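Each chain is listed here by its residues.
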Amino acid sequence: MAGLELRGIRKDYGATAVLKGIDLSIADGEFVVFVGPSGCGKSTLLRVIAGLETVTAGDIHIDGTEVTRLAASDRGLAMVFQSYALYPHMTVHQNMSFALENMGIAKAEISARVDRAARMLRLTDYLQRKPAALSGGQRQRVAIGRAIVRDPKIFLFDEPLSNLDAELRVATRKELAALHAEIGGTMIYVTHDQVEAMTLADRIVVLNGGRIEQIGTPLDLYNRPANLFVAGFIGSPRMNLLPTELVKGEAAGTAATLGIRPEHVEPCQEAEADLTVRIELVEQLGGETFLYTTGPNDVPLTIRCDGQSRLARGDVLPVRFSRDHLHRFDAAGLACRPEPLLARSPS
Ligand SMILES: Nc1ncnc2c1ncn2[C@@H]1O[C@H](COP(=O)(O)OP(=O)(O)OP(=O)(O)O)[C@@H](O)[C@H]1O
Ligand SMILES: [Mg+2]
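All values reported here derive from a predicted model rather than from experimental measurement.

**Section: the overall build of the protein**
- Regarding its fold elements, the protein presents 8 helices and 18 strands.
- The buried share of the protein, reckoned over its 347 residues, is 47%.
- Residue pairs at least 24 apart in sequence account for 64% of intrachain contacts in the protein once pairs closer than 6 positions are excluded.
- Looking at the protein as shown, the accessible area adds up to about 16,200 Å², and 50% of this sits on carbon and sulfur atoms.
- Mean positive and mean negative side-chain charge positions of the protein (38 and 42 charges, respectively) differ by 4 Å.

**Quick notes on the sheet that holds strand β3 (residues 31–35)**
- Within the open sheet, the 6 strands sit side by side as β6-β7-β8-β3-β9-β10. Their pairing is mixed. Single-partner strands in this sheet number two, and they are β6 (77–80) and β10 (211–216). Neighbour to neighbour, the strand axes of the sheet diverge by 20° on average, direction disregarded.
- Relative to strand β7 (residues 154–158), β6 runs parallel, the two being bridged by 4 bridges. By the bridge assignment for β7, alanine 78 is matched with phenylalanine 155.

**Things to note about the pattern of salt bridges**
- Per the stated rule, a full pass over the model turns up 14 salt bridges.
- For glutamate 109, the salt bridge is made with arginine 113, and the minimal N-O distance between the two is 2.8 Å. Of the two residues, glutamate 109 and arginine 113 are both situated in helix α3 (residues 107–120); the distance of 4 residues between them amounts to about one turn of the helix.
- Here glutamate 109 falls in the partly exposed class, since its relative accessible area comes to 37%.
- For arginine 113, a relative accessible area of 21% translates into the label partly exposed.

**Side note on the site of ligand 1**
- Around ligand 1 sit Tyr13, Val18, Pro37, Ser38, Gly39, Cys40, Gly41, Lys42, Ser43, Thr44, Glu159 and His192, and those are all the residues in its vicinity.
- A distance of 3.2 Å separates an oxygen atom of ligand 1 from a polar backbone atom of cysteine 40.
- Between ligand 1 and the protein, one listed contact pairs an oxygen atom with a side-chain N or O atom of threonine 44 at 2.5 Å.
- Computed on the free molecule, ligand 1 has an accessible area of 640 Å², of which 56% lies beneath the protein chains in the complex.

**Points about α3**
- The end-to-end C-alpha distance of α3 is 20 Å, a good match for the 20 Å that 14 residues give at a rise of 1.5 Å each.
- Buried within α3 we find Ile110, Val114, Ala117, Ala118 and Met120. In a view along the axis of α3, the buried residues occupy a sector of 160°, so they form one face of it. Turned more than 90 degrees from where α3 packs its buried face, Ala108 and Arg119 sit exposed.
- Residues of α3 that are buried make contact with α2 (92–102), α4 (136–149) and α5 (166–183).
- Just downstream of α3, arginine 122 is the residue with a positive phi angle, here 55°.

**Things to note about the UniProt feature "domain: ABC transporter" (unreviewed entry) in the protein**
- Those residues carrying the UniProt feature "domain: ABC transporter" (unreviewed entry) are residues 4–234 in this numbering.
- Structurally, residues 4–234 comprises 37% helix and 26% strand, and the distance from its first C-alpha atom to its last is 25 Å.

**Examining the sheet that holds strand β2 (residues 16–26)**
- Sheet architecture is open: 4 strands sit in the order β2-β1-β4-β5, paired in antiparallel fashion. Only two strands of the sheet have a single neighbouring strand rather than two, namely β2 and β5 (65–66).
- Pairing analysis gives 2 bridges linking strand β4 (residues 57–62) to β5, with the strands arranged antiparallel. Across the sheet, isoleucine 62 pairs through a bridge with threonine 65, a residue of β5.

**Concerning the packing of α4 against α5**
- For the pair α4 and α5, the least separation of the axes is 10 Å and the interaxial angle reads 20°. Here α4 lies roughly parallel to α5, going by the angle between them. For the pair α4 and α5, the sense of crossing is right-handed. In contact with Gly137, Arg141, Ile144 and Ile148 of α4, α5 contributes Leu168, Glu175, Leu176 and Leu179.

**Section: the packing of aromatic side chains**
- Inspection of every chain in the model, using the stated rule, returns 5 aromatic pairs.
- Relative to phenylalanine 98, the ring of tyrosine 87 has its centre 5.1 Å away and its plane inclined at 65°; by these criteria the two rings are edge-to-face. One end of the pair, tyrosine 87, is in the loop between β6 and α2; the other, phenylalanine 98, is in helix α2, and 11 residues separate them in sequence.
- Of the residues examined, phenylalanine 98 reaches a relative accessible area of 29% and is grouped as partly exposed.
- These aromatic residues form a ring-pair network of at least three members: Phe31, Phe155, Phe157 and Tyr189.
- Of note, arginine 261 hangs over the ring of tyrosine 222, and the distance from its end group to the ring centre comes to 3.7 Å.

Definitions and cut-offs
- Residues numbered from 1 in each chain as written.
- Chains lettered and ligands numbered in written order.
- Predicted model: local features only at pLDDT ≥ 70, side-chain atom pairs only at ≥ 80, totals over all residues.
- Heavy atoms only, no water.
- Helix = DSSP H or I, 4+ residues; strand = E, 2+ residues; numbered from the N terminus.
- Buried < 20%, exposed > 50% of the residue type's maximum accessible area, 1.4 Å probe, protein only.
- Contact = heavy atoms within 4.5 Å.
- Areas by Shrake-Rupley, 256 points an atom, 1.4 Å probe, with all protein chains shown as cover.
- Lys, Arg positive; Asp, Glu negative; His and termini not counted.
- Charge placed at Lys NZ, Arg CZ, Asp CG, Glu CD.
- Pairing = 2+ DSSP bridges.
- Axes fitted to C-alpha atoms, helices over the stretch in contact; angles between N-to-C directions.
- Salt bridge = Lys/Arg side-chain N within 4 Å of Asp/Glu carboxyl O.
- Near = heavy atom within 4 Å.
- Polar contact = N/O pair within 3.5 Å; in protein donor to acceptor, adjacent residues only side chain to side chain.
- Expected span 1.5 Å × (residues − 1).
- Arc of directions from axis to C-beta.
- UniProt positions renumbered as here; feature names shortened; annotations may be inferred.
- Parallel < 35°, antiparallel > 145°, perpendicular 65-115°, else oblique.
- Left-handed = near helix turned anticlockwise from the far one by under 90°.
- Phe/Tyr/Trp six-rings, centres within 6.5 Å; stacked < 30°, edge-to-face > 60°.
- Lys NZ or Arg CZ within 6 Å of the ring centre and 35° of its normal.

Written out as structure tokens, the structure is:
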């Protein structure tokens with residue numbers, strides 16, 4: 001296994017700049033997740049690392065060795081895509097062993113690797129089946145197995161679970177976490193799924209328009225987003241962002257925008273309210289309730305309540321923001337630092 005270093009990576013397609021200067025160090029054994037809106041360059045960055053795309057500028061180092069101009073097959077990486085791309089006429093065993101045979105690895109060694117990967121991925125009973133006779137989750141596990149047997153320096157995953165239904169996604173996500181714990185490999189993983197990013201990542205890289213907005217542990221990004229983009233992107237439902245002039249009194253401070261997550265807005269007495277809102281929609285999920293409301297000037301505000309709620313559309317509600325969880329952003333959209341965030345306010 002190996003670490004990865006990207007320095008000043010740029011990628012243009014003709015006149016279009018897709019990656020605009022990416023600097024990133026990934027430690028040996030780290031699980032790093034790339035997130036960002038559609039079209040921000042996640043897949044392009046992964047393909048550049050894999051060697052499936054050339055770079056326009058910058059360089060790539062794996063384990064301290066420059067690989068920028070090495071062919072994909074010489075970089076020692078393995079990539080797993082959203083589409084499993086299994087060979088339909090081959091059995092699971094053949095799908096996993098095919099590349100190793102081409103590499104000239106001895107038969108006994110191939111068998112040992114396939115058996116080990118099959119055991120890890122609970123595919124042992126399916127080794128003689130063809131892909132058509134497997135479920136989506138089993139097929140994706142074969143695709144992951146095909147990567148594991150190659151014993152790559154780094155695993156690259158591009159939205160590997162997005163074709164699976166909700167239940168299989170959860171199950172396969174847990175398997176991936178267990179797999180990372182077991183083999184300890186360096187993994188780079190692209191996803192649109194907030195839960196996958198939060199639960200799998202040692203660190204999350206938030207990309208936007210071909211640039212890195214912020215890098216940090218999942219809770220770093222959740223608790224201390226560096227700017228409005230990350231604040232709005234990490235967390236579901238998203239953080240409420242309000243123009244400060246709408247908020248009464250001391251909560252606002254000198255910031256231009258105030259951020260508050262739905263779980264940090266509490267219904268309260270009129271006298272202590274930061275805002276008064278009108279409920280537009282109530283979503284009862286059983287264990288929690290989301291209130292979608294509007295405040296002054298129709299500004300939207302989402303509130304998360306524990307358990308079940310008797311509130312209904314049309315109700316008017318005074319609400320207060322938890323003082324320990326306010327996020328403040330300046331006119332340029334950058335977090336005002338130092339933040340009193342998560343620190344107890346002096347009483
Ligand atoms: N071969 C290409 N030629 C021209 N433009 C391309 C090419 N490949 C990708 N792009 C453009 O580069 C941008 C980034 O694409 P990329 O596939 O990396 O996005 P992404 O972040 O993976 O998006 P998604 O979340 O939808 O998968 C897009 O605007 C895309 O249209
Ligand atoms: Mg993509």
